[in-house]
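# Inside the fold
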Amino acid sequence: MAERRSQRTDPDWPAVYQIRVEGHLGHAMTGWFEGLSIALEDDGDTLLTGAVVDQAALHGLLTKVRDLGVLLVSVNRLDAGPGPRPTEEGD
């Protein structure tokens, strides 16, 4: 029987995060967050969303936010939803 992996119990599993910062990031700043989707919200904030491979990568993103001098509003880990299915029996 294949072992079922979970984002909550497997720290190596990528997770999807949403990072909200105050203000709209300019085009020059968005290059700092390659790989994340960037949405300029109607309320004036910017929402960065994407898969983060581990906690070290998340801290790296938060360091970039700090280095840009923008105000961090929130960081949310999104629900995992259904886990990926094994590609082959026994994976």
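Everything below is about the structure shown above.
Figured I'd write up the structure that's included with this text. (Residues numbered from 1 in each chain as written. Predicted model: local features only at pLDDT ≥ 70, side-chain atom pairs only at ≥ 80, totals over all residues. Heavy atoms only, no water.)

Side chains on a regular strand alternate between the two faces of the sheet. Bridging between strand β2 (residues 37-40) and strand β3 (residues 46-52) involves 4 bridges; their strand directions are antiparallel. Bridging across to β3, Ala-39 finds its partner in Leu-47. (Pairing = 2+ DSSP bridges. Helix = DSSP H or I, 4+ residues; strand = E, 2+ residues; numbered from the N terminus.)

Before going further, it helps to spend a moment on the side chain of Thr-49. Relative to the assigned elements, Thr-49 resides in strand β3. Here Gln-18 takes part through its side chain, which lies 3.5 Å from a polar atom of the side chain of Thr-49. For Thr-49, the contacting residues outside a window of four places in its chain are Val-16, Tyr-17, Gln-18, Leu-36, Ser-37 and Leu-78. (Polar contact = N/O pair within 3.5 Å; in protein donor to acceptor, adjacent residues only side chain to side chain. Contact = heavy atoms within 4.5 Å.)

Attention now moves to the pairing of β3. Counted residue by residue, β3 has 6 buried out of 7 residues, so it is predominantly covered. As defined by bridge partners, strand β1 (residues 15-21) adjoins β3 across 7 bridges and the pair is classed as antiparallel. Bridging from a neighbouring strand, Tyr-17 pairs with Gly-50 of β3. Hairpin geometry of β2 and β3 is characterised by an intervening segment of 5 residues between the two adjacent antiparallel strands and by a positive phi of about 100° at Gly-44. (Buried < 20%, exposed > 50% of the residue type's maximum accessible area, 1.4 Å probe, protein only.)

For the structure shown, the criterion picks out 3 salt bridges. Here Asp-45 ties to Arg-20 by a salt bridge, and the two come within 3.6 Å at their closest N and O atoms. Of this pair, Asp-45 sits in the loop between β2 and β3 while Arg-20 sits in strand β1, and the two are 25 residues apart along the sequence. You'll find Asp-45 and Arg-20 in the same group, each marked buried. Measuring nitrogen to oxygen at the nearest pair gives 2.9 Å for the salt bridge that ties Asp-67 to Arg-66. Judged by relative accessible area, which is 58%, Arg-66 ranks as exposed. (Salt bridge = Lys/Arg side-chain N within 4 Å of Asp/Glu carboxyl O.)

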